[in-house]
Amino acid sequence: MVRNKHIGGRLNRSSTGKNQKAGSQISSSKDLTPPDKPAEGDIPANSPELQTTSKGQLGFTDRVYLLASFIFQNHHLEKPPAQRLVSYGKGRGLSLPRVKDEEMQRTAYELAFNTLKYQELLEDIMIDSCFYLTQPMPEDQMCLVAVMLYDFQDRKFLPRKRQRDGEIEQEVRDVEKYLLRFKTKLAASLASFRIKHDLLSIECILPESLKTKQKRSSSLPLYAWVNTLESSLDEVQSVLKSAGFSQVKSIGQLEGETFCQDPHCGDILVFPAQLKAQLYTTKLLSNHKLIIQDKSCSMGPHAVCSLLPEEGDVLMLGCFSGLTVSHTACLVAEKRKGVGSNQPTVYVCVSDRTDAQREELQQAVTAMGCRNVKLIPEVFQSLDNDDKRLQKVRVILLNPKCSVSAVSNPVDFILQEKGDTELLQDLSQGSIAPSRLQALVAQQRKDIDHALKFRRVLSVVYSTCSSYQEENEEVVSRALEHAKARSEQEGEPKQANFRLSPSPFSIPDDAAGPEETEPFFMLEPSEQSNGCFLAVLSKEPEPVVKEAPRDVLVRANAKGILERIGTKKEHHGHTNRMKKTSHVPNSQPQLSAVKNGETKGSNSTSLCGQEFTNRRPSLQGKAKAMRVQVSKNTGSSSFSSTKPGNTTPKRSLSPILDIPTSSPRTHSASPPAPPPFLAVRTRRPPQEPLKPMVLVLPTIHFPSFFPAHPNYNKWRDPSQSVPLSRSSGGLSKDAMVKSRPLF
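None of the values given here were measured: they were computed from a predicted structure. (Residues numbered from 1 in each chain as written. Predicted model: local features only at pLDDT ≥ 70, side-chain atom pairs only at ≥ 80, totals over all residues. Heavy atoms only, no water.)

Caption draft 1: Broad picture of the overall build of the protein. When helices and strands are tallied, the protein shows 21 helices and 16 strands. Looking at the protein residue by residue over its 743 residues, the buried ones come to 48%. Of the roughly 39,000 Å² that the protein leaves accessible, carbon and sulfur atoms contribute 52%. (Helix = DSSP H or I, 4+ residues; strand = E, 2+ residues; numbered from the N terminus. Buried < 20%, exposed > 50% of the residue type's maximum accessible area, 1.4 Å probe, protein only. Areas by Shrake-Rupley, 256 points an atom, 1.4 Å probe, with all protein chains shown as cover.)

So, in structure tokens, the structure goes:
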């Protein structure tokens, strides 16, 4: 007996259009109308829809059966010996023959995948009909028997169309002959199984989740993005309208030869699934102006484009095809168009790919017209911040290898995106094995942890096509926690920490559209698109709290910062003054010290532009406060007067200092008339703060009959002013001038 849990295939879709032919498997497939067949000259040889229709009714070629048997041999469910009913030999991990025809490859994988889903049912039919026991078939050929038996019952045990002699594979013809001989018993065994389990079709033995995915896959629309390096959105729309297509507003309105624009990605156009053949007639696909690709693969590149700053490069790693790389390169190049001649570089880690796969990726990128893509053969974990190639990388797109559990048509998706075909066996059983899921999660954690270590990277886009939280939210949350702990341990600033950022995509208005659950973006699988998960991790500076200048000064004063700054400046200014004093030239006259209140020399001085006549030569008491160093060149310690007979000019010191006194001043006779030309000497601003100095001058008595003149403080001729020496704080010899007699 067959238990449902063993037969239940997890896969979203057993057949995409060619395998929907299976009338007994999918009852709804009879309602599908094949597209109109265009002229052969306008359609490439690998046009999928046309081949699918004819082969769904007449069977497949010998080479397709043979290739599907190799795939089934590598991925079939191997049971313990005690539960094994049919043995498929020991050959596992066979290398598949290289097939250049992509349509033939896809057909073979679809056929093998459907056989995997119904493996236990097919084994029961072979045992119940005695086919396995009576026919002398080698164990290695039992994989071919299983594949052809599935297709035989799918065609309701009708013979297929005869193939040409050049396509004959004798091994396939021998198995077909045995099956035709036992077709009555095989059909009776299948009918008995359906009656016993009350099944309208064999599809009913599948789990509800798998049946839902198969139904979705049959109605999934076609998504295609515009290659802006070869064309433009307006040009593509114009070509489509001239070919008879009409544009509608939403995906729900797609019917017949129509198309619409995707609500999330502006460069993506959506078509009904049956219009693939018609699209080939427009030459848009063959000229690489319109690229058919699943929408979930385009969400990551669009997020990268919105986050990429100017003068920034992109680093891609994970599981993706050359189409995803080309789409990313087109978007970033279009963003910088017109800004500068240098386009951002898209670096791609290809360490996990063979030389043939790397060459294929490079050819796909070149065919799209991308010139800004560079491959990195090194392992991603070996790259670090010092790598010269990655100095300008600002965004990392991480598409890790995932379970593809949110995809309704996994065979098409895995083949197009160069995914892991080992997942087919798990998906065909309805769930991912725990051991495989743990291995996937471990690699995802390893990749995202290393991606968050790049200091110059501003954003990391993490995207999967999985519906498991272990691969989505849990991986991202754990990576953020580890990155935060590492930055705190290394003493990095808080701005260096990654944090979740809002999704760059908007939410469609229709309720049936995808939902955005904070803080992650999730596109739920539906009849309109496959599902995907996307998280944006960015380095965003924390909000800066603006503080008033007064608060800053108060806080600095409380910490003693202002006092330390003032002390340093005062000490520095005093040191500079001492240096200036010691470096006065020897030819410059020096000021002498005032000792014991005696002043030798002239009795008259001119101070700060004012004339004073000293009739009492004794300067005692407070005059001792003026202490000045004696110059080495001058032996006298007294003030020198400027005599009329001196013919040698004396140099005066500048600048002029205004020295206030506390004693009352009595002005002398009326001041002389102002000179015809006033030469005002501009004072230079001090280069550094000077220490305050107090000069105490003796009291000077004037006769009481000198009236004060109101205009005494007018400007005087600079030649009559007496400058003071700022370095010594006293009066120089040249500063002493004869005052005019008062009487």
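Okay, back to it.
Caption draft 2: Inspection of the packing of helix H3 (residues 62-75) against helix H8 (residues 170-181) at higher detail. Orientation of H3 relative to H8, taken along the N-to-C sense of each, is 90°, at an axis distance of 9 Å. In this view, H3 runs roughly perpendicular relative to H8, as classed from their interaxial angle. Note on element contacts: H8 touches H3 through Glu 171, Val 172 and Arg 173, opposite Asp 62, Tyr 65 and Leu 66. (Axes fitted to C-alpha atoms, helices over the stretch in contact; angles between N-to-C directions. Parallel < 35°, antiparallel > 145°, perpendicular 65-115°, else oblique. Contact = heavy atoms within 4.5 Å.)

Caption draft 3: Summary view of the environment of Gly 312. Counting through the fold element by element, Gly 312 comes out in the loop between helix H13 (299-307) and strand S6 (313-318). Gly 312 sits 32 residues away from Pro 344 along the chain, and the two C-alpha atoms are 6.1 Å apart. With residues up to four places along the chain from it excluded, the contact list for Gly 312 reads Pro 344, Lys 392 and Arg 394.

Caption draft 4: Summary view of the pairing of strand S13 (residues 520-523). Going residue by residue along S13, you find Phe 520 and Met 522 tucked away on one face and Phe 521 and Leu 523 tucked away on the opposite face as well. Here S13 pairs with strand S14 (residues 532-538) via three bridges, running antiparallel. Each bridged residue has a counterpart across the sheet, and for Leu 523 the counterpart in S14 is Cys 532. (Pairing = 2+ DSSP bridges.)

Caption draft 5: A look at the pattern of salt bridges. For the structure shown, the criterion picks out 17 salt bridges. A salt bridge links Asp 62 to Arg 173; its shortest N-O distance comes to 3.2 Å. Placement of the pair is Asp 62 in helix H3 and Arg 173 in helix H8, with a sequence separation of 111 residues. Here Lys 79 makes a salt bridge to Glu 123, at a shortest N to O gap of 3.2 Å. (Salt bridge = Lys/Arg side-chain N within 4 Å of Asp/Glu carboxyl O.)

Caption draft 6: Local environment of the sheet that holds strand S2 (residues 246-247). Pairing is mixed across the open sheet formed by five strands, whose spatial order is S2-S3-S4-S1-S5. Looking at which strands have only one partner, the edges of the open sheet turn out to be S2 and strand S5 (290-292). Looking at chain direction, strand S1 (residues 222-226) and strand S4 (residues 268-271) are connected through four bridges and run antiparallel. Looking at the pairing, Ala 224 lines up with Leu 269 of S4. Lying on the sheet, helix H14 (residues 322-335) is in contact with S1 and S5; it crosses S1 at an angle near 45°.

Caption draft 7: Highlighting helix H15 (residues 355-367). End to end, H15 covers 18 Å across 13 residues, agreeing with the expected 18 Å (1.5 Å per residue, within 8%). Directly beyond the C-terminal end of H15, a positive phi value near 85° is found at Gly 369. (Expected span 1.5 Å × (residues − 1).)

Caption draft 8: Quick look at the packing of aromatic side chains. Going through the model one piece at a time under the given rule, you end up with ten aromatic pairs. Where Phe 131 meets Phe 182, the ring centres are 5.5 Å apart and the plane angle is 85°; that geometry is what we call edge-to-face. Of this pair, Phe 131 sits in helix H6 (residues 131-134) while Phe 182 sits in the loop between H8 and helix H9 (183-196); the two residues are 51 residues apart in sequence, bridging distant segments of the chain. Across the pair, exposure class does not vary: Phe 131 and Phe 182 are buried alike. A ring pair is formed by Phe 520 and Phe 533, whose centres lie 5.3 Å apart and whose planes are at 45°; its orientation type is tilted. Highlighted residues: Phe 520 in strand S13 and Phe 533 in strand S14, separated in sequence by 13 residues. Of the two residues examined, Phe 520 and Phe 533, each falls in the buried class. Through pairs of rings, three or more aromatic residues link up here, namely Phe 245, Phe 259 and Phe 271. (Phe/Tyr/Trp six-rings, centres within 6.5 Å; stacked < 30°, edge-to-face > 60°.)

Caption draft 9: Quick look at the packing of H14 against H15. Two elements in contact, H14 and H15, have axes whose closest approach is 9 Å; the angle formed by their N-to-C orientations is 40°. In terms of axis orientation, H14 runs oblique to H15. Along this stretch, H14 crosses H15, giving a crossing that reads as right-handed. Facing Gly 322, Val 325 and Ser 326 of H14, the residues of H15 in contact are Leu 361, Ala 364 and Val 365. A per-class count over the contact of H14 with H15 returns four nonpolar, two polar and no charged. (Left-handed = near helix turned anticlockwise from the far one by under 90°. Nonpolar A, V, L, I, M, F, W, Y, C, P; charged D, E, K, R; others polar.)

Caption draft 10: Structural detail: the environment of Gln 73. Along the chain, Gln 73 falls in helix H3. Separated by 15 residues in the primary sequence, Gln 73 and Tyr 88 have C-alpha atoms spaced 7.2 Å apart. When residues no more than four places from it in sequence are discounted, the contact partners of Gln 73 are Tyr 88, Gly 89, Gly 91, Arg 92, Leu 94, Asp 140 and Cys 143.

Caption draft 11: Up close: unusual backbone geometry. Positive phi outside glycine occurs at Glu 311, with the angle close to 60°. Summarising the element assignment, Glu 311 is placed in the loop between H13 and S6. Exposure remark for Glu 311: the relative accessible area of 46% places this residue in the partly exposed category. One non-glycine residue with positive phi stands out, namely Lys 418, at about 55°. Looking at the secondary structure, you find Lys 418 in the loop between helix H16 (410-416) and helix H17 (423-428).

Caption draft 12: The arrangement of the UniProt feature "binding site: S-adenosyl-L-methionine" (unreviewed entry) in the protein in detail. If you check UniProt for "binding site: S-adenosyl-L-methionine" (unreviewed entry), the listed places come out as Asp 352 in our numbering. Looking at the element boundaries, Asp 352 is found in the loop between strand S7 (346-349) and H15. On the basis of relative accessible area, Asp 352 is assigned to the exposed category, the value being 55%. Apart from the residues lying within four places of it in its own chain, the contact partners of Asp 352 are Gly 318 and Gln 357. (UniProt positions renumbered as here; feature names shortened; annotations may be inferred.)

Caption draft 13: Quick peek at the confidence of the model for the protein. The share of residues in the protein with pLDDT of 70 or more is 64%, and the mean pLDDT across the chain is 74. Every residue in residues 580-670 is under pLDDT 50, and counting partners more than four places away or in other chains gives 155 contacts. (pLDDT = per-residue confidence, 0-100.)

Caption draft 14: View of the pairing of S1. Counting buried residues in S1 gives five out of five residues, a clear majority hidden from the surface. Residue alternation in S1 divides its side chains into two sets, Leu 222, Ala 224 and Val 226 and Tyr 223 and Trp 225, and both sets are buried. For S1 and S5, the ladder comprises three bridges, and the chain directions are antiparallel. For Ala 224, the partnering residue across the bridge sits in S5 and is Ile 292.

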